[in-house]
Amino acid sequence: MTKRIGILTSGGDAQGMNAAVRAVVRTALDRGVDVYAIYEGYQGLVDDGEYIRKMDWDSVGGILQLGGTVIGSARCEAFRTREGRRRAAKNLIKAGIDGLIVIGGDGSLTGANLFRQEWPELMQELLAAKEITVEEAAEYPNFSIVGLVGSIDNDFSGTDMTIGADSALHRITEAVDAITSTAASHQRTFVVKVMGRNCGYLALMGALATGADWVLIPEAPPDVENWQDVLAERLKAGRKAGRRDSIVILAEGARDRNGNYIGSSDVAHALEEKLNEEVRVTVLGHVQRGGRPSAFDRNLSTLMGYEAVNSILSAKPEDEPVVIGIRNNRMTRLPMMESVKKTQAVAEAISAGDYERAMSLRSSSFKDAFNTFKTMVRALPRPVDPSKKRFRIAVMNAGAPAPGMNTAGRAAIRLGLDAGHTMLGVRNGFEGLIENDVMEMNWMSVNGWASSGGSVLGTTRRVPKGRDLYAIARVIEDRRIDALLIIGGWNAYESAFILLKERGNFPSFNIPMICLPASINNNLPGSEFSIGADTALNSITDAVDKIKQSAVATRRVFVVEVMGHYCGYLALMGGMATGAERVYMHEEGIKLRDLQTDVENLLKGFETGKRLGLMIRNENANPVYTTDFICSLFEEEGGDVFDVRPAILGHLQQGGDPSPFDRIQATRLSRMCLEYLIDQCEKKNFDSAFIGMQNGRIFFHDMRDFDRMIDAEHQRPKDQWWLELKGIATLLAKQGPNAE
Ligand code: ADP
């Protein structure tokens, strides 16, 4: 078994690398394995000794929220040579390291793979040169390597996400949102160039998330020679429809059909000429690599780091090296060599002009997003074809506001209008439906909704009952509503379920209805994620990062209360992303003896140099042991050793502009909901459903299953996938052995 692990970060840095380093170091220490950081990537491995430093629990304290990599990264020419790799092997042996975790892009992992393959020969060469002893050569016949993909480009085959891609998407979205507002003021066209090398992920998802007008990506060059004319026509049509700004997103690797790179100035010049207006170019550059990691990247890296140690400890030295990836929302181990080859195959297909193959090698969510984007940009109000059956589809928000509701509403309304249907907007949730507060939507009524938080349509928590049902039935008849899309949380689902059950009494409820999960609480059945939860998690991490900074000069414990009703998702995932040492949630309850242990641990910690305590409590974790109670208890017991402050984050969690993930998923789900409703209408069916993402796929659940899938008393699903992550979060945030 591996006894000493080395860890290094290599190649381009990516936000989240630190969280991975922290997870690797602490998981290894917890397993009783020594762990060494190799500073400056492969360069530190090739150069002698001093770059290889033993890590303890506290050496990775306070780095979870930092961008870049604290152990340094480098490009290393020497490692590309046999001589360099031989020196690296020797240094590892001299340090007694028999397993290596490499965090880097496909270049770094190619190097790792080669190193692993050559290992037995390197041993022979070192032995022949008498640089290692016979015993050493016998002790290290093979060498274990595990890779983590740190790359903002999200370009690695076999994993749905790479470390840093989500944070880069945050930077892109923030920048394009800002550009959109200035572009709109001056009615300007902007070309925004984003990173990604041979991968169009950042450009495509950035375009989808910001509602951009066009995207140019390496995998799908424009299919016509005169793409400049087509693009100009498209932008003109958008302006004619009322848009004040035009945004084109260009991936750095984008090419035309003939394989010629398309530069930002090529696009700008062509558009200036054809549109006869000024076109501005913004090259986002290294901003995309910078800044703090998003909540998703912190948690992804944490889980990957944990899995990497498990993998290296369970591997036999002769095993093929693996890469840790995430597939369908679960950790997975991929064969390193094969994955590197597949990754390189995309680049090769692109340079050979085989774009179909390049696209086929991308993940299904990439292809799906590309289709959604193409549909969204194609969508323009067109003259209605009188021969086709048109439907009247109502869209509403219900329940508490969740960031991403507007994005979902916009997608459904534009796509519905594009297909010639009449799209109705219901104001203020079921209250509006009861009061006939319904309006016809047009193309421009949803302008700017892609990026705005809150609910422009308005939303209330009202759940219809008694006479409300008569009123709703009348409105559905009056307005000739053929189908209903309800974007919302618990109250939305409850209400839809009531309408379904009342179909016998109210024939007009016999229309297709679908619920789209939108709630920061992430407490809806049939979906691992609901729209808004990712934004709320990012709001929590932003707030807690600041709270932690505020305490640098004092010895203080914060008890941070987060939302979620009875669902501990935000508490646990927020806790994991901020390194909270304790998470209180209703699913586990709180016992007095737990609080006693927590106090004892805090006292021990502060007495041995700890400066900050961080506990996260779900708002309904326990009715008696409230946030105030816990604070008072800790304050009293903490005496002079530490003081305690509550921080109730409150409604800031429901606000804010939606995160890229929430926007992308909102658009994707909304498109699918609309397709579902139209399909039902065409078939004269009136099924009622709720949509969800599970194991990376989209499911339509029969609304009749709603009550079977929930814990009604606590308003959460019976099955909560994320509960299994509790052990990892707690392990990594616990106090180091120094504190004991
Ligand atoms: P990334 O890992 O982000 O793709 P690079 O491609 O620059 O970045 O690779 C980082 C480092 O990994 C290189 O500087 C080099 O030390 C090592 N490396 C990359 N490719 C190889 C290779 N084919 N053989 C050996 N080492 C390599």
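## As for the environment of L485
Here is step 1: You can see L485 is positioned in strand β15 (residues 483-488).
Here is step 2: On the basis of relative accessibility, which here comes to 1%, the residue L485 falls in the buried class.
Here is step 3: When the C-alpha positions of L485 and Y676 are compared, they lie 10.0 Å apart, and in sequence the two are 191 residues distant.
Here is step 4: With near-sequence residues (within four places) excluded, L485 lies in contact with A394, V395, M396, A412, I514, L516, S670, C673 and L677.

## What to know about the nonpolar core
Here is step 1: Ranked by internal contacts, the top residues of the largest apolar core, which has 79 residues, are L485, L516, V560, Y569, L570 and L725.
Here is step 2: In contact with V560, other than residues within four places in its own chain, are V544, I547, L614, M615, I616, R617, A647 and L649.
Here is step 3: If you look at the next biggest cluster of nonpolar residues, it comprises 68 residues, including I63, M161, I179 and V377.

## Some thoughts on the site of the ligand
Here is step 1: Close contacts around the ligand come from 17 residues, with R75, C76, G105, G107 and S108 the closest.
Here is step 2: Measuring from an oxygen atom of the ligand, one finds a backbone N or O atom of G107 at 3.0 Å.
Here is step 3: Relative to its free-state accessible area of 540 Å², the ligand is covered by the protein chains to the extent of 87%.
Here is step 4: With six residues, helix α4 (residues 106-128) is the largest single contributor of residues to the shell around the ligand.
Here is step 5: Among the residues making up the shell around the ligand, the classes are represented as four nonpolar, eight polar and five charged.

## Things to note about the environment of Y51
Here is step 1: Residue position: Y51 is located in the loop between α2 (41-46) and β3 (52-54).
Here is step 2: Counting along the chain gives ten residues from Y51 to G41, while the straight-line C-alpha distance between them is 9.2 Å.
Here is step 3: Look past the residues within four positions of Y51 in its chain and what remains in contact with it is A37, I38, Y39, E40 and G44.

## A few points about the domain arrangement of the protein
Here is step 1: According to the domain assignment, the protein consists of domain 1 (4-162 + 293-327), domain 2 (165-288), domain 3 (392-530 + 666-705) and domain 4 (533-656 + 725-733).
Here is step 2: One C-alpha centre belongs to domain 1, the other to domain 3; they are set 49 Å apart.

## Regarding the sheet that holds strand β10 (residues 322-327)
Here is step 1: Taking strand neighbours across the sheet as the criterion, the seven strands line up as β3-β2-β1-β4-β5-β10-β11 in an open arrangement whose pairing is mixed. Edge strands, defined here as strands with exactly one partner in the open sheet, are β3 and β11 (330-335). Each strand axis lies, on average, 30° off the axis of its neighbour in the sheet, ignoring direction.
Here is step 2: As paired strands, strand β2 (residues 34-38) and β3 are joined by three bridges and run antiparallel to one another. Each bridged residue has a counterpart across the sheet, and for Y36 the counterpart in β3 is K54.

## Considering the sheet that holds strand β22 (residues 697-702)
Here is step 1: Read from one edge of the open sheet, seven strands run β14-β13-β12-β15-β16-β21-β22, paired in mixed fashion. Two strands bound the open sheet, and with one partner strand each, they are β14 (438-440) and β22. Each strand of the sheet is rotated relative to its neighbour by a mean of 25°, with strand direction disregarded.
Here is step 2: Here β15 pairs with strand β16 (residues 513-517) via five bridges, running parallel. Residue pairing for β16: I486 is matched across the bridge by C515.
Here is step 3: Running at roughly 165° to β16, helix α17 (residues 490-501) makes contact with β12 (392-398), β15, β16 and β21 (688-694) of the sheet.

Quick notes on the rules
Residues numbered from 1 in each chain as written. Predicted model: local features only at pLDDT ≥ 70, side-chain atom pairs only at ≥ 80, totals over all residues. Heavy atoms only, no water. Helix = DSSP H or I, 4+ residues; strand = E, 2+ residues; numbered from the N terminus. Buried < 20%, exposed > 50% of the residue type's maximum accessible area, 1.4 Å probe, protein only. Contact = heavy atoms within 4.5 Å. Core = buried A, V, L, I, M, F, W, Y, C linked by side-chain atoms within 4.5 Å. Near = heavy atom within 4 Å. Polar contact = N/O pair within 3.5 Å; in protein donor to acceptor, adjacent residues only side chain to side chain. Areas by Shrake-Rupley, 256 points an atom, 1.4 Å probe, with all protein chains shown as cover. Nonpolar A, V, L, I, M, F, W, Y, C, P; charged D, E, K, R; others polar. Domains from an automatic or database assignment. Pairing = 2+ DSSP bridges. Axes fitted to C-alpha atoms, helices over the stretch in contact; angles between N-to-C directions.

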